[in-house]
2 protein chains.
Amino acid sequence: MEIQEGKQKFIESWGKMASDWGINRTMAQVHALLLIAPEPLTADEVMEGLSISRGNANMNLRALMDWGLVHKQLKSGERKEYFYAEKDMWTVVRQIIVHRKKKELEPMLKVLDEVANVEPNCPESETFCNVVKDIRMLSNKANQTLDTLIKADSGWFSNIFLRMVR
Amino acid sequence: MEIQEGKQKFIESWGKMASDWGINRTMAQVHALLLIAPEPLTADEVMEGLSISRGNANMNLRALMDWGLVHKQLKSGERKEYFYAEKDMWTVVRQIIVHRKKKELEPMLKVLDEVANVEPNCPESETFCNVVKDIRMLSNKANQTLDTLIKADSGWFSNIFLRMVR
DNA sequence: TTATATTTTCAATATTTTTTGAAAACAAAA
DNA sequence: TTTTGTTTTCAAAAAATATTGAAAATATAA
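Residues numbered from 1 in each chain as written. Chains lettered and ligands numbered in written order. Predicted model: local features only at pLDDT ≥ 70, side-chain atom pairs only at ≥ 80, totals over all residues. Heavy atoms only, no water.

Engineer: Help me understand the protein's contact with DNA strand D, please; the structure alone is not making it clear to me.
Structural biologist: As a structural note, the neighbourhood of DNA strand D is formed by 17 residues, with A:Thr26, A:Ser53, B:Asn58, B:Arg79 and B:Glu81 the closest of them. Close to the protein, within 4 Å, the atoms of DNA strand D belong to sugar or phosphate groups at a rate of 65%. A:Thr26 is positioned such that a nitrogen or oxygen atom in its side chain is 2.5 Å from a phosphate oxygen of DNA strand D. Secondary structure elements with two or more residues in the surface near DNA strand D: helix H4 (54-66) of chain A together with helix H4 (54-66) of chain B. Sort the elements by how many residues they give to the surface near DNA strand D and H4(B) lands first, with five residues. Grouping the amino acids of the surface near DNA strand D by side-chain chemistry returns three nonpolar, seven polar and seven charged. (Near = heavy atom within 4 Å. Polar contact = N/O pair within 3.5 Å; in protein donor to acceptor, adjacent residues only side chain to side chain. Helix = DSSP H or I, 4+ residues; strand = E, 2+ residues; numbered from the N terminus. Nonpolar A, V, L, I, M, F, W, Y, C, P; charged D, E, K, R; others polar.)

Following this line, the structure appears as structure tokens:
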């Protein structure tokens, strides 16, 4: 396969997967483009590479920096900003977990804690409390597991996976 | 907290979390409604409970059945169909993993296998191949881990979590 | 200081996704 | 068979989300 076709497919597929997961497709494509770029790129190169507007490129580059997946590089003597992606995949996964856990799992846990105060004193509230109890248990376990993963370094990370698949 | 307020918050929050994860908000709300219902509900009760149209209720009930999260119950002598949610949370998680793995992870793995055929013979293709290699390794491990989880029963499931948090 | 290069913002526009609701299809009862 | 209750479909409308592009802001150089 030719490198150009490979890049094309990779960027497209990375974007597709992200949008399935509720992440802006273009943000993921910018990420993919930077991941496979041997050198940092300028905003113009990103615009050109994905055929997107300056505003779009800027917004998504900023979002990727918020997620800790992309960094800025300033070259001395140059006025333009360069962008490069974090290439250590363990770090990429870790950053994604940190970000999504904070924005998605934690608010859910908070609501579960609140609604756990409902009194189980009728069929309706009994069923409700049982379901909430089970989901809370599971979510708390997931939360702990994610905390462990976040703290783990690459080696640990691999080990955990290995342990899981036995 | 009153049961009605609790239900309200739970349904809203379940829907919010789902839509963060790329799942239709209403589908998740229907799921939440059925999860906390002591008895199976009819399509009309779902429409009423969430203030949605018949078409919407029907489509999302069907989608939930596709995911294996909701089942139909026919009461003898009655013409209406009743719906109830799978309440074993391990099973719920397992079904979600099965479904999303098939629709999202597997297509990505396929593309990664394809693009792994690019020859690393220039800086551009070398960087590309390195990134693809790392992502493939990671995705394959994730895939194996998910297979293990899918096969695991509740007990195993708990054990794996416990092992992970040490 | 002013001129110039670059980035950021955001209202307007375009696109995608979701929802509606009425008609069609279906299935049980009369 | 026809009638009646129920579910399904799907084109049109609405809502949510993403994108553009030009103006404003910022920063460096002259």
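Engineer: Before we go on, may I ask you to explain the relation of the copies chain B and chain A in this structure?
Structural biologist: What relates the pair of chain copies is a rotation about an axis plus a shift along that axis. Superposing chain B onto chain A takes a rotation of 180 degrees combined with a translation of 0.0 Å along the rotation axis, leaving an RMSD of 0.1 Å. Here the transformation between the copies is reduced to the relation of a two-fold axis. Ranked by how close their C-alpha atoms come to the rotation axis, the residues of chain B are headed by B:Gly22, at 2.0 Å. Of the residues that chain B buries at the interface, 100% are likewise interface residues in chain A, meaning the two copies contact each other through the same surface. (Least-squares fit on C-alpha atoms with pLDDT ≥ 70 in both. Contact = heavy atoms within 4.5 Å.)

Engineer: Is there a simple way to explain the sheet that holds strand E1 (residues 41-42) of chain A in this structure?
Structural biologist: Paired through their backbone hydrogen bonds, the strands of a sheet run either parallel or antiparallel. Residue and element names in this part refer to chain A. Ordered in space as E1-E3-E2, the three strands form an open sheet in which the pairing is antiparallel. The open sheet has two edge strands, E1 and strand E2 (70-74), and neither has a second partner. The pairing of E2 with strand E3 (residues 81-85) spans five bridges and is antiparallel. What sits directly across from Val70, in E3, is Ala85. Each of E1, E2 and E3 touches helix H2 (residues 25-35); the most contacted strand, E3, lies at about 90 degrees to it. (Pairing = 2+ DSSP bridges. Axes fitted to C-alpha atoms, helices over the stretch in contact; angles between N-to-C directions.)

Engineer: Which parts of the structure should I look at to understand the interface of chain B and chain A?
Structural biologist: Often, the extent of an interface is quoted as the loss of accessible area on bringing the components together. Taken together, the contacts link 57 residues of chain B with 58 residues of chain A. Approximately 5400 Å² of surface area, both sides summed, lies buried where chain B meets chain A, with 73% of it carried by carbon and sulfur atoms. Run the count over chain B and chain A and you get four salt bridges. With its nearest N and O atoms 2.5 Å apart, the salt bridge here joins B:Glu124 to A:Lys7. (Buried area = accessible area lost by both parts, 1.4 Å probe. Salt bridge = Lys/Arg side-chain N within 4 Å of Asp/Glu carboxyl O.)

Engineer: Explanation requested: the protein's contact with DNA strand C in the structure shown.
Structural biologist: Residues in close proximity to DNA strand C total 18 residues, the closest being A:Asn58, A:Arg79, A:Glu81, B:Thr26 and B:Ser53. Here the atoms of DNA strand C within 4 Å of the protein split so that 57% fall in sugar or phosphate, with bases taking the remainder. A distance of 2.2 Å separates a phosphate oxygen of DNA strand C from a polar atom in the side chain of A:Asn58. In this structure, A:Arg79 approaches DNA strand C through a side-chain N or O atom, which is 2.9 Å from a base oxygen. Among the secondary structure elements, those contributing two or more residues to the surface near DNA strand C are H4 of chain A together with H4 of chain B. Considering every element that reaches the surface near DNA strand C, the biggest residue donor is H4(A), with five residues.

Engineer: What exactly am I supposed to notice about the packing of aromatic side chains here?
Structural biologist: A ring pair, where both rings are aromatic, is described by two values, the distance of the centres and the angle of the planes. Following the criterion strictly, the structure yields five aromatic pairs over all chains and no others. Between A:Phe128 and B:Phe10, the aromatic rings sit 6.0 Å apart at their centres with planes inclined by 85 degrees, giving edge-to-face as the arrangement. Note that A:Phe128 is positioned in helix H6 (residues 123-151) and B:Phe10 in helix H1 (residues 3-20), a pairing that runs across two chains. When sorted by exposure, A:Phe128 lands in the same class as B:Phe10, which is buried. With centroids separated by 5.6 Å and ring planes inclined at 25 degrees, the aromatic side chains of B:Phe10 and B:Trp14 adopt a geometry described as stacked. With a gap of four residues between them, B:Phe10 and B:Trp14 both fall in helix H1, about one helical turn apart. Pair check on accessibility: B:Phe10 and B:Trp14 agree, each one buried. (Phe/Tyr/Trp six-rings, centres within 6.5 Å; stacked < 30°, edge-to-face > 60°. Buried < 20%, exposed > 50% of the residue type's maximum accessible area, 1.4 Å probe, protein only.)

Engineer: It is not clear to me how the pattern of salt bridges should be interpreted in this structure. Could you clarify?
Structural biologist: Scanning all chains against the criterion turns up 22 salt bridges over all chains. The salt bridge involving A:Glu104 is made with A:Arg100; its shortest N-O contact spans 3.0 Å. In this pair, A:Glu104 and A:Arg100 are both assigned in helix H5 (residues 89-115), four residues apart and thus about one turn of the helix distant. The pair A:Glu104 / A:Arg100 is uniform in exposure class, with both members buried. A salt bridge links B:Lys72 to B:Glu81; its shortest N-O distance comes to 3.1 Å. In this structure B:Lys72 comes out as partly exposed when scored by relative accessible area, which is 41%. The network of salt bridges with common partners includes A:Glu5, A:Lys9, B:Lys110 and B:Glu114.

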